Amino acid sequence: MFVAVMETGSFARAAERLRTSPGQASKLVSRLESELGVRLLNRTTRALAATEAGKAYFERIRVLLADFDAVEEAVRNVSGTPKGRLRLTAPVSFGATQLAPVLVEFARQFPQIELDVNFSDRVVRLVDEGFDVAIRIGSPGDSSLIARHLCEARIVVCASEGYLREHHMPSVPGGLTSHDCIIDTNFRDPSVWAFREADGTDTLVEVAGRLRFSNADVALAAAEAGLGVARAPSFIAGPRFRDGRLVPLLREFEDKPLAIYALYPPGRHLAIKVRVFVDFLVAYFRNGAEWDKGW
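As the structure is a prediction and not an experimental result, all values here were calculated from the model. (Residues numbered from 1 in each chain as written. Predicted model: local features only at pLDDT ≥ 70, side-chain atom pairs only at ≥ 80, totals over all residues. Heavy atoms only, no water.)

Another point: the packing of aromatic side chains. Scanning all chains against the criterion turns up 13 aromatic pairs. One aromatic cluster in this structure is built from F94, F235, Y284, F285 and W291. In this arrangement the basic side chain of R231 is found over the ring face of F187, its NZ or CZ atom lying 3.9 Å from the centre. (Phe/Tyr/Trp six-rings, centres within 6.5 Å; stacked < 30°, edge-to-face > 60°. Lys NZ or Arg CZ within 6 Å of the ring centre and 35° of its normal.)

Okay, here's the thing in structure tokens:
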């Protein structure tokens, strides 16, 4: 519990990780301090900070706990049967539209693995927050993690036929400045849309619009309603192109696609549950992105 408090920065988050109450978490750390005869944490109503003794104890004990976990996992792996709790985090839209059927099939094939899945667009701290695997779109970011490439997603611009009947279709990226653009704030720079010219040079266009959403599905729903031009990953937009709800624009100027990765921490003994899950994802997406076909 003390290690969890140090890694998460609060009793509440540590308690959530270890599935207990904040009050019980505080009691356990207080009991540890009593047994050691030293204060490990300075607590106030506003802050929580480790003492010098607490910092030294944390650095030593977390290494011992990690070694203990590795030994236990290595022994479990001898049986060759994947089992145990596997915690996964993935972006909301990708998780709901593309990952859900994979998870269902994985759960069916591996009944002894308990899936604990968190759909969030927040970039979690994988190790600190106790996750085994993370799905990331774009740059993997944390170089301390192992990244397995799964597939790619194109970033597409689109609008409804109704909107295009009332407004001229832009023929070049710069034409978007005269359109009402629907902003997805999940992008790193939401109001600057990137494109690639035929010669490979990059073009950045600053767009504007009265609608801003932190969810691509909602942005595309607004585009379907004829409220403007939207930009979204193809794994969300592709089905809407196939059934005619939206029309892709500026296809010849599409920016380079974003890679989608499965990330997991390195270790001398990779848990068999993590290995089989990541291998399952790689195999599932091996034939490319289905969402980019048929439009």
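This brings us to helix 5 (residues 92–109). Here helix 5 is 18 residues long and its end C-alpha atoms lie 24 Å apart, about the 26 Å a rise of 1.5 Å per residue gives. Of all the bends in helix 5, the largest measures some 60° and sits at L99, one to four residues before the proline P101. (Helix = DSSP H or I, 4+ residues; strand = E, 2+ residues; numbered from the N terminus. Expected span 1.5 Å × (residues − 1). Bend = angle between axes of the 7 residues up to and from the residue.)

What follows covers the pairing of strand 3 (residues 84–90). Of all seven residues that make up strand 3, five are buried, and the element is covered over most of its length. The pairing of strand 3 with strand 4 (residues 113–119) spans seven bridges and is parallel. Note that in strand 4 the partner of A90 across the bridge is F119. For the crossover from strand 3 across helix 5 to strand 4, the handedness is right-handed. (Buried < 20%, exposed > 50% of the residue type's maximum accessible area, 1.4 Å probe, protein only. Pairing = 2+ DSSP bridges. Right-handed = clockwise from strand over helix to strand, strands pointing away.)

Here we take up unusual backbone geometry. Phi at R19 is positive, roughly 60°, even though this residue is not glycine. Assignment of secondary structure puts R19 in the loop between helix 2 (11–17) and helix 3 (22–36). Within the chain, L250 stands out as a residue other than glycine whose phi angle is a positive 55°. With respect to the helices and strands, the residue L250 is situated in the loop between strand 13 (247–249) and strand 14 (258–264). A relative accessible area of 6% places L250 in the buried class.

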